[in-house]
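# Coordinates in review
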Amino acid sequence: MIRGGHDGDVEALRALLLALENVQRSPPEAIFVAVGELAQLLQKSRSEIIEGLDTLAGLNFIEGPGAYRESDWLFRRLTRRGEALADLIRDPTDWREALAAYGPFLAR
């Protein structure tokens, strides 16, 4: 499952955030994120992708109106907080180091 908390899949949240970073536009505009396609790309279920998007929005990493019908999620942009996180986790080496340092806290 994609969750930011206890036994969550932080790898999937990372992949989701970085995927959204790649599709955002400047200036920001609403983008229909095809949940099914994203689920296939990240090898997760549609409900896990929606849960992950809701988690990222709830933690103020992304902006967007949210779920749209059953097939899409309206995404606008990464927030400043989301951009800062993406900068920290983009590089795989930095990501491994962050997981080594903070992984025990994420597993709680």
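Structural data are supplied above this passage.
Below, the structure is looked at part by part. (Residues numbered from 1 in each chain as written. Predicted model: local features only at pLDDT ≥ 70, side-chain atom pairs only at ≥ 80, totals over all residues. Heavy atoms only, no water.)

So, on to the nonpolar core. The nonpolar side chains of soluble globular proteins are, as a tendency, buried together. Formed by 24 residues in total, the largest nonpolar core has its most connected members in Leu17, Leu20, Leu56, Ile62 and Phe75. If you list the elements that add at least two residues to this core, you get helix H1 (10-23), strand S1 (31-34), helix H2 (35-42), helix H3 (46-58), strand S4 (72-75) and helix H4 (80-89). Looking at which element gives the most residues to this core, the answer is H1, with seven residues. Apart from the residues lying within four places of it in its own chain, the contact partners of Ile62 are Leu17, Leu20, Leu53, Leu56, Ala57, Trp73, Phe75, Arg77, Leu78 and Thr79. (Core = buried A, V, L, I, M, F, W, Y, C linked by side-chain atoms within 4.5 Å. Buried < 20%, exposed > 50% of the residue type's maximum accessible area, 1.4 Å probe, protein only. Helix = DSSP H or I, 4+ residues; strand = E, 2+ residues; numbered from the N terminus. Contact = heavy atoms within 4.5 Å.)

Further remarks concern the sheet that holds strand S3 (residues 66-68). Within the open sheet, the three strands sit side by side as S1-S4-S3. Their pairing is antiparallel. Both edges of this open sheet fall to S1 and S3, since each of them pairs with a single strand only. Across the sheet, the mean angle separating the axes of adjacent strands is 40° when strand polarity is ignored. Here three bridges tie S3 to S4, and the two strands are oriented antiparallel to one another. Directly across from Ala67, in S4, lies its bridge partner Trp73. Its contacts with the sheet put H2 on S1 and S4, and the angle it makes with S1 is roughly 50°. (Pairing = 2+ DSSP bridges. Axes fitted to C-alpha atoms, helices over the stretch in contact; angles between N-to-C directions.)

Our focus in this paragraph is the environment of Ile50. Along the chain, the position of Ile50 falls in helix H3. Residue Ile50 is classed as partly exposed on the basis of its relative accessible area of 25%. Through-space distance from the C-alpha of Ile50 to that of Ala67 is 7.5 Å; in sequence the pair is 17 residues apart.

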